[in-house]
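Analysis of the macromolecular model
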Amino acid sequence: MFGIFFEEINHAGAGGLWAELVSNRGFEAGGPNTPSNIDPWLIIGDESSIIVGTDRTSCFTRNPIALRMEVLCDSKRTNACPSGGVGVYNPGYWGMNIEKGKVYKVSMHIRSSDAVSLTVSLTSSDGRQKLAAHTITGSKNSFAKWTKIEFNLKSRQNNTNSRLQLTSSKSGVIWFDQVSVMPLDTYMGHGFRKDLSLMLANLKPQFLKFPGGNYAMGNYLRNAFRWSETVGPWEERPGHFNDAWGYWTDDGLGFFEFLQLAEDLGASPVWVVNDGASLNEEVSTATIASLVKDVVDGIEFARGGPKTPWGSVRAAMGHPEPFKLDYVSIGNQECWMLYYRGNYQKFFSAIKAAYPEVNIISSCDRSTISPSNPADLYDVHVYTSSSNMFSRTSMFDNTARSAPKAIVSEYAVTGSDAGKGTLVAALAEAAFLIGLERNSDVVEMASCAPLFVNDNDRRWSPGAIVFNSWQHYGCPNYWMLHFFKDSSGAALHPTTIQISDYDQLVASAITLQNAKDKSSYLRIKVVNFGNRAVDLNMSVVGLANGIKNSGSKQTVLTSSSPLDENSFQQPEKVVPVSSPSANVKPQMGVSVRPYSLTSFDLLLEASKHASI
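About the thresholds
- Residues numbered from 1 in each chain as written.
- Predicted model: local features only at pLDDT ≥ 70, side-chain atom pairs only at ≥ 80, totals over all residues.
- Heavy atoms only, no water.
- Axes fitted to C-alpha atoms, helices over the stretch in contact; angles between N-to-C directions.
- Helix = DSSP H or I, 4+ residues; strand = E, 2+ residues; numbered from the N terminus.
- Parallel < 35°, antiparallel > 145°, perpendicular 65-115°, else oblique.
- Left-handed = near helix turned anticlockwise from the far one by under 90°.
- Contact = heavy atoms within 4.5 Å.
- Nonpolar A, V, L, I, M, F, W, Y, C, P; charged D, E, K, R; others polar.
- Pairing = 2+ DSSP bridges.
- Domains from an automatic or database assignment.
- Buried area = accessible area lost by both parts, 1.4 Å probe.
- Salt bridge = Lys/Arg side-chain N within 4 Å of Asp/Glu carboxyl O.
- Disulfide = S-S within 2.5 Å.
- Buried < 20%, exposed > 50% of the residue type's maximum accessible area, 1.4 Å probe, protein only.
- Polar contact = N/O pair within 3.5 Å; in protein donor to acceptor, adjacent residues only side chain to side chain.
- Phe/Tyr/Trp six-rings, centres within 6.5 Å; stacked < 30°, edge-to-face > 60°.
- Core = buried A, V, L, I, M, F, W, Y, C linked by side-chain atoms within 4.5 Å.

Packing of helix α3 (residues 255-265) against helix α4 (residues 289-303) brings their axes to within 11 Å, and their N-to-C directions diverge by 45°. In this view, α3 runs oblique relative to α4, as classed from their interaxial angle. α3 and α4 meet at a crossing whose hand is right-handed. Taking contact as the criterion, the partners of F255, F256 and L259 in α3 are, on α4, G298, F301 and A302. In terms of residue class, the contact of α3 with α4 is built from five nonpolar, one polar and no charged.

This brings us to the sheet that holds strand β18 (residues 359-362). In spatial order, the strands read β1-β13-β16-β17-β18-β19-β20-β21; together these eight strands make up an open sheet with parallel pairing. Strand pairing shows two members of the sheet lacking a second neighbour, β1 (4-5) and β21 (443-448), which therefore form its edges. Bridging between β1 and strand β13 (residues 207-210) involves two bridges; their strand directions are parallel. Across the sheet, residue F5 finds its bridge partner in β13, namely K209. Packing against the sheet, helix α8 (residues 423-438) makes contact with β19 (377-384), β20 (405-413) and β21, and its axis sits at approximately 170° to β20.

What follows concerns the domain arrangement of the protein chain. By a frequent convention, interface size equals the accessible area lost on bringing the separate parts together. Here the protein chain is partitioned into domain 1 (42-183), domain 2 (215-256 + 268-373) and domain 3 (491-603). Relative placement of domain 1 and domain 2: their C-alpha centres are 37 Å apart. Between domain 1 and domain 2, the residue contacts involve nine residues of the former and nine residues of the latter. For the pairing of domain 1 and domain 2, the buried interface totals around 720 Å² over both sides, and the portion due to carbon and sulfur atoms is 46%. Contact with domain 2 buries area across many residues of domain 1, yet R62, N63 and Q178 alone supply 62% of it, more than any other trio. Joining domain 1 to domain 2, the criterion identifies one salt bridge.

If you walk through the whole model with that rule in mind, you get two disulfides. What pairs with C73 in a disulfide is C81, and their sulfur atoms sit 2.0 Å apart. Around the S-S axis, the bridge from C73 to C81 shows a dihedral of about 95° and counts as right-handed. Across the pair, exposure class does not vary: C73 and C81 are buried alike. Paired by a disulfide, C335 and C364 hold their sulfur atoms 2.0 Å apart. Around the S-S axis, the bridge from C335 to C364 shows a dihedral of about 90° and counts as right-handed. Remark: C364 occurs in the loop between β18 and β19 and C335 occurs in the loop between β17 (327-330) and α6 (340-354); sequence separation between them is 29 residues. The exposure class assigned to C335 is buried, which follows from its relative accessible area of 17%. Take C364: its relative accessible area is 1%, and that puts it in the buried class. If the cysteines joined by disulfides in the protein chain are listed in sequence order, their pairing comes out as 1-2, 3-4.

Position of R25 relative to the elements: it lies in the loop between β1 and β2 (42-44). Here the side chain of R25 touches D250 through a polar contact of 3.4 Å, side chain to side chain. Not counting chain neighbours up to four residues away, the residues in contact with R25 comprise E20, D177, Q178, V179, S180, W234, D250 and G252.

Moving on, we come to the packing of aromatic side chains. For any pair of aromatic rings, the description rests on two quantities: the centre-to-centre distance and the angle between the ring planes. Counting across every chain of the model gives 25 aromatic pairs. Plain terms: the ring middles of W227 and F301 are 5.7 Å apart, the flat faces sit at 50° to each other, and that makes the pair tilted. Taken together, the residues span a long stretch of sequence, with W227 in the loop between α2 (214-217) and β14 (240-242) and F301 in helix α4 at a distance of 74 residues. The residues W227 and F301 share a single accessibility class, namely buried.

Counting buried positions along strand β32 (residues 596-603) yields eight of eight residues, so the element is predominantly enclosed. Every second residue of β32 is oriented toward a common face, with S596, T598, F600 and L602 on one face and L597, S599, D601 and L603 on the other, all of them buried. Two strands pair when backbone bridges link them, and strand β27 (residues 520-528) and β32 are joined in this way by eight bridges, in the antiparallel orientation. When the sheet's bridge partners are listed, N528 is paired in β32 with S596. Sheet topology note: the strand β29 (residues 552-557)/β32 ladder contains five bridges and is antiparallel. The residue bridging T555 from the neighbouring strand is S599, located in β32.

Among the 11 residues of α3, 10 are classified as buried, and the element is accordingly described as predominantly covered. All buried positions along α3 are accounted for by F255, F256, E257, F258, L259, Q260, L261, A262, D264 and L265. Buried positions along α3 lie against β1, α1 (194-201), β13, β16 (268-273), α4 and α5 (309-316). Remark: G266 follows α3 within two positions and exhibits a positive phi of approximately 70°.

Moving on, we get to the nonpolar core. Of all hydrophobic cores here, the largest spans 107 residues; its most connected members are W271, V408, Y411, L433, F452 and M480. Sorting elements by how many residues they give to this core places α8 first, with 12 residues. Two domains each put at least three residues into this core: domain 2 (215-256 + 268-373) and domain 3 (491-603). Excluding its chain neighbours within four sequence positions, the residues that come into contact with M480 are Y411, A426, E429, A430, L433, L557 and L597.

Attention now goes to the pairing of strand β12 (residues 172-183). Summarising burial for β12: 12 of the 12 residues are buried, a large majority. The pairing of strand β4 (residues 66-71) with β12 spans five bridges and is antiparallel. Paired with M69 across the two strands is I174, which belongs to β12. The pairing of strand β7 (residues 103-112) with β12 spans eight bridges and is classified as antiparallel. In the strand pairing of β12, H109 is matched with D177.

Dropping the structure here:
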């Protein structure tokens, strides 16, 4: 039921979840015309000692741009280089977080027609603090052809605002390409930043939808996410400009990596495919066939055997067993576009012919689904104010109880009281999710959007998790999701609230089993969206063996103000607080605080059907 939706927005992947520390590692971000902008790379030295620019001499055909560094000074007294040499540095994504004792794998391709003496180092942002260094040397012939160099650097100190330096005090010309620095300590060893990945794992997501909405489309088709250009060796991936959100991505976080992340999280992958539409262009149904084939090929990459054409590419990347890709979403809320319905039917027919068990998600609403325009699920996006989101707890109450079911793949409170992630926004979203729980017979999945916000690049706010190069915290809506992480697979029970002159309460009840000790609980969740504390008389009926009088707990998400937010300075200002519950009975009085989400976890002697 409850999962996560990842979009490459707010530098969520590049400079975030994907642990690569070098920004613009292949020098492609400036475009195909050379010399080009090499941002964020900068020189160490000045024009009298070094000339740096790009040319098209790379050994990689799909990303031909390389960096040419000509060192004009030398170690000789008449034309001596500055102390430490000259060269280039990369600050990463608003500073590299380098930790004492941690090991970082450095990879690069270099070429030179001269003898080489090059120092590769991790330093502070001003270059004065040396954290780790390695010197590459070679004769005139050693690097006459492009050569891949790999080595590890172990940091001697901590610095959250570090940079990578490539420096020399020897005159000559050196070319660089595909310069990478990756921490060895990543989530599951698969290249994901560990602290951010654990934030996701702690939600126990049942699915991972990727690679995004607008990111999958692009403002223009030339900048859409092309899955086949994001697989294979990372050095050979061309990367692309994320024009939907205004920054370059080298596609180290590609189709394979998304599938791997889903597997590592124990989540079902949900692939959003580009269906021939961008925000400003679309391919006609008459000419869509090649894009349809491309998507079917992508499914083969994920699901095919290791000897199939695309399955063999996956196997060569170290994953011979197929990924369990069971959901494909055709486009991103594009039903209004001219060719969507005609194109959708082409995709549906081709995918079902090759992989009949794959569930296909339509971007059109439920009213358009018919035998002639079939779908396994239909996508729903909800972005609205907190008050309207609270009212949508009944959004699916009157939906016909027949297929297809909905996937609410993007929902969020936006507007003036959303801030950078407020308590009141989280409570409104909690009420909405309770409504989805109660309608889980017609709603298959739900995920918030966006998931991540890099504090240095807030293109869209709020998100669930905020981070920079070395810190992170969960917004109130992230912690709200913890109240729902055990709902998937639980049994839902009917609930009724009767209180006069107060319509700000929403509740649900489920029975669940603790995965660790196999104990069964009745979890009653109550959202109080108003400014009144409420005393309730709670009555539980229909339990076969009753509630144990000990072992229960109460968990509350609230704060002193509905507009309170978390921050780097106060990361736990708004977080759930749990306490044991004493004298628990089938009938008892409980108190619900104003502007709060409360969970009553009642330990059961046996898990049976109940009503509240």
